[in-house]
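Examination of the molecular architecture
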Amino acid sequence: NQTLPGLFYLLGLSTAPHIQVIGFLIFLIMYIITLAGNCLLLITVKISPKLHTPMYFFLSNLSFIDICFSSTIVPVILMNTLSSDKSISVEACMIQMFCSLILGVSECVLLAIMAYDRFVAICRPLHYSSIMNIRFCIILALIPWIVGFTNSTI
């Protein structure tokens, strides 16, 4: 048999309606807190000149990745929690998986780059500003996206 499925059926966490509503509310509150916290961090770093340092530049990138990462997964969970149709098309599943892989890998690589930034700050404090200049920080910020996209594509 060579037929491919057109839809995946998501089982969810529970079949009891009252528990589904509680689950929906818990996920919605966590999602709103995640978005609010990350947006607040982005706005704070943007408006405060004292925070225009490499560490906060990378932290802002991490917040942006976290916003995108949670926004690729949680809305589908919320939609399927209360919906009677608990299916997702193969194409939508592939796109969601592709985006999740890009963002997951990018987050891991960015955390490694943030560790390198702290290493330079601690081990080479006198050379820190010359090593971690804005050009180098932008290059380092692009690396996670390139690695994530390459890995997800493969």
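On a predicted model such as this, the values are computed, not experimentally measured, just so you know.

Description of the overall build of the protein
Counting its regular elements, the protein contains 5 helices and 2 strands. Listing each helix as α and each strand as β along the protein from the N terminus yields β-α-α-β-α-α-α. Against the 2.2 N^0.38 benchmark of 15 Å for 154 residues, the protein shows a C-alpha radius of gyration of 20 Å, more extended than a compact globule. Principal-axis analysis of the C-alpha atoms places the extent of the protein at approximately 60 × 40 × 25 Å.

Structural notes on a nonpolar patch on the surface
Side chains of Val21, Leu25, Ile29, Ile33 and Leu82 sit close together on the surface and give an oily, nonpolar patch of about 460 Å² of accessible area. If one sorts the elements of the nonpolar patch by residue count, helix α1 (residues 17–47) sits on top with 4 residues. Relative to the assigned elements, Ile29 resides in helix α1.

Points about the packing of helix α2 (residues 54–82) against helix α3 (residues 90–123)
Look at α2 against α3: their axes get within 10 Å of each other, and the N-to-C directions meet at 160°. When the axes of α2 and α3 are compared, the pair comes out roughly antiparallel. Where α2 crosses over α3, the two elements pack in a sense that is left-handed. Partitioned by chemical class, the residues of the contact of α2 with α3 number 16 nonpolar, 6 polar and 3 charged.

Structural notes on α1
For α1, with 31 residues, the first-to-last C-alpha span of 44 Å sits near the 45 Å given by 1.5 Å per residue. Of the positions making up α1, those classed as buried are Gln20, Gly23, Phe24, Tyr31, Asn38 and Val45. Buried residues belonging to α1 abut α2.

A word on the pattern of salt bridges
Applying the stated criterion across every chain, the model contains 1 salt bridge. Across the pair Arg118 and Asp117 runs a salt bridge, and its minimum N-O distance is 3.2 Å. The exposure class of Asp117 is buried, given its relative accessible area of 2%.

Examining the packing of α2 against helix α5 (residues 134–153)
Orientation of α2 relative to α5, taken along the N-to-C sense of each, is 25°, at an axis distance of 11 Å. In terms of orientation, α2 lies roughly parallel with respect to α5. Relative to α5, the crossing made by α2 is right-handed. Of the residues in α5, those touching α2 at Pro54, Phe57, Phe58, Asn61, Phe64 and Ile65 are Cys137, Ile138, Leu140, Ala141 and Trp145. Split by residue class, the contact of α2 with α5 holds 10 nonpolar, 1 polar and no charged.

Regarding the packing of aromatic side chains
Evaluation of the coordinates by the stated rule reveals 5 aromatic pairs. Aromatic pair Phe98 and Phe149: ring centres 5.8 Å apart, planes at 85°, arrangement edge-to-face. Residue Phe98 is found in helix α3, and its partner Phe149 is found in helix α5; the two are separated by 51 residues along the sequence. A residue is classified by how much of its surface remains accessible, and Phe98, at 28% relative accessible area, is partly exposed. Judged by relative accessible area, Phe149 falls into the partly exposed class, the value being 46%. Put simply, the rings of Tyr116, Phe119 and Phe136 touch in pairs and so form one group of aromatic residues.

The rules behind these values
Residues numbered from 1 in each chain as written. Predicted model: local features only at pLDDT ≥ 70, side-chain atom pairs only at ≥ 80, totals over all residues. Heavy atoms only, no water. Helix = DSSP H or I, 4+ residues; strand = E, 2+ residues; numbered from the N terminus. Rg over C-alpha atoms; globule rule 2.2 N^0.38 Å. Patch = residues over 30% accessible without salt bridge, like charges linked within 9 Å, V, L, I, M, F, W, Y side chains within 5 Å. Areas by Shrake-Rupley, 256 points an atom, 1.4 Å probe, with all protein chains shown as cover. Salt bridge = Lys/Arg side-chain N within 4 Å of Asp/Glu carboxyl O. Axes fitted to C-alpha atoms, helices over the stretch in contact; angles between N-to-C directions. Parallel < 35°, antiparallel > 145°, perpendicular 65-115°, else oblique. Left-handed = near helix turned anticlockwise from the far one by under 90°. Nonpolar A, V, L, I, M, F, W, Y, C, P; charged D, E, K, R; others polar. Expected span 1.5 Å × (residues − 1). Buried < 20%, exposed > 50% of the residue type's maximum accessible area, 1.4 Å probe, protein only. Contact = heavy atoms within 4.5 Å. Phe/Tyr/Trp six-rings, centres within 6.5 Å; stacked < 30°, edge-to-face > 60°.

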